[in-house]
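Chain residues, written in single-letter form:
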Amino acid sequence: MSACPSMKPSPAMNDTDSPRFYLVLAEAADSQALQANFDALCLRDDLYIVYSSMTRSEVYHAVRDLTAPQALMAAPLAGHPKFRGMPAGALKWLKQRSND
């Protein structure tokens, strides 16, 4: 069974925010805390895409502090990635947040 909770709708952002996608690997993190505090898509256990106007450092430290992962990586993405075999609704979640 996957530790990925179901996807939630995008929270409202104002026009001055410049959100971007981050690929986040958060090993053994509190998945529910991550999804409750971020606009996040769970791709696989421990692997997420986070959509945020925070900087990479802010995302990294917030995920670390809120979810207590054993290992952590946060990397900005230029756009949403191409993929297959991901959870149902994943591509729709990404397209709702981008112009790609």
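Attention here is on the structure that accompanies the text. For clarity, every value in this text was computed on a predicted model and none was experimentally measured. (Residues numbered from 1 in each chain as written. Predicted model: local features only at pLDDT ≥ 70, side-chain atom pairs only at ≥ 80, totals over all residues. Heavy atoms only, no water.)

1. Some words on the overall build of the protein chain
A count of helices and strands for the protein chain gives three helices and four strands. Per-residue burial for the protein chain yields a buried fraction of 33% across its 100 residues. Taking as baseline every contact in the protein chain between residues at least 6 positions apart, the subset at least 24 positions apart corresponds to 70%. Only carbon and sulfur atoms are counted for the fraction: they give 51% of the accessible area of the protein chain, which is about 6100 Å². (Helix = DSSP H or I, 4+ residues; strand = E, 2+ residues; numbered from the N terminus. Buried < 20%, exposed > 50% of the residue type's maximum accessible area, 1.4 Å probe, protein only. Contact = heavy atoms within 4.5 Å. Areas by Shrake-Rupley, 256 points an atom, 1.4 Å probe, with all protein chains shown as cover.)

2. Topic: the pattern of salt bridges
The final tally for this structure, using the stated rule, is two salt bridges. A salt bridge links Arg 97 to Asp 39; the nearest nitrogen and oxygen atoms lie 2.8 Å apart. Here Asp 39 lies in strand β2 (residues 39–44) and Arg 97 lies in the segment after α3 (90–96), a separation of 58 residues in the sequence. Residue classification places Arg 97 among the buried residues on the basis of a relative accessible area of 5%. (Salt bridge = Lys/Arg side-chain N within 4 Å of Asp/Glu carboxyl O.)

3. Some words on the sheet that holds strand β3 (residues 47–52)
Pairing in this open sheet of four strands is antiparallel, and the strands run β2-β3-β1-β4 from one edge to the other. Of all strands in the sheet, those bounded by a partner on one side alone are β2 and β4 (71–77). The average undirected angle you get between the axes of adjacent strands in this sheet is 25 degrees. Across seven bridges, the pairing between strand β1 (residues 20–27) and β4 is antiparallel. Following the sheet pairing, Phe 21 is matched in β4 by Leu 77. Those strands touched by helix α2 (residues 56–67) are β1, β3 and β4, and its axis lies near 150 degrees from that of β4. (Pairing = 2+ DSSP bridges. Axes fitted to C-alpha atoms, helices over the stretch in contact; angles between N-to-C directions.)

4. Side note on the nonpolar core
If you look at the biggest cluster of nonpolar residues, it comprises 14 residues, and the most contacted ones within it are Val 24, Ala 26, Leu 34, Phe 38, Val 50 and Val 63. Elements represented by at least two residues in this core include exactly β1, β2, β3 and α2. Those residues in contact with Val 50 that sit more than four places away from it in its chain are Arg 20, Phe 21, Tyr 22, Val 24, Leu 34, Phe 38, Asp 39 and Ala 40. Leu 43, Ile 49, Tyr 51 and Leu 77 belong to the second-largest nonpolar core, a separate cluster that totals nine residues. (Core = buried A, V, L, I, M, F, W, Y, C linked by side-chain atoms within 4.5 Å.)

5. Considering the packing of aromatic side chains
In total, this model carries two aromatic pairs according to the counting rule given. Here Phe 21 and Tyr 51 contribute two aromatic rings whose centre-to-centre distance is 4.8 Å and whose plane-to-plane angle is 40 degrees, an arrangement assigned as tilted. Separated by 30 residues along the polypeptide, Phe 21 in strand β1 and Tyr 51 in strand β3 bring together distant segments of the chain. No difference in accessibility class separates Phe 21 from Tyr 51, as the two residues are buried. On the numbers, 6.4 Å between centres and 50 degrees between planes, the contact of Phe 21 with Trp 93 is tilted. One end of the pair, Phe 21, is in strand β1; the other, Trp 93, is in helix α3, and 72 residues separate them in sequence. (Phe/Tyr/Trp six-rings, centres within 6.5 Å; stacked < 30°, edge-to-face > 60°.)

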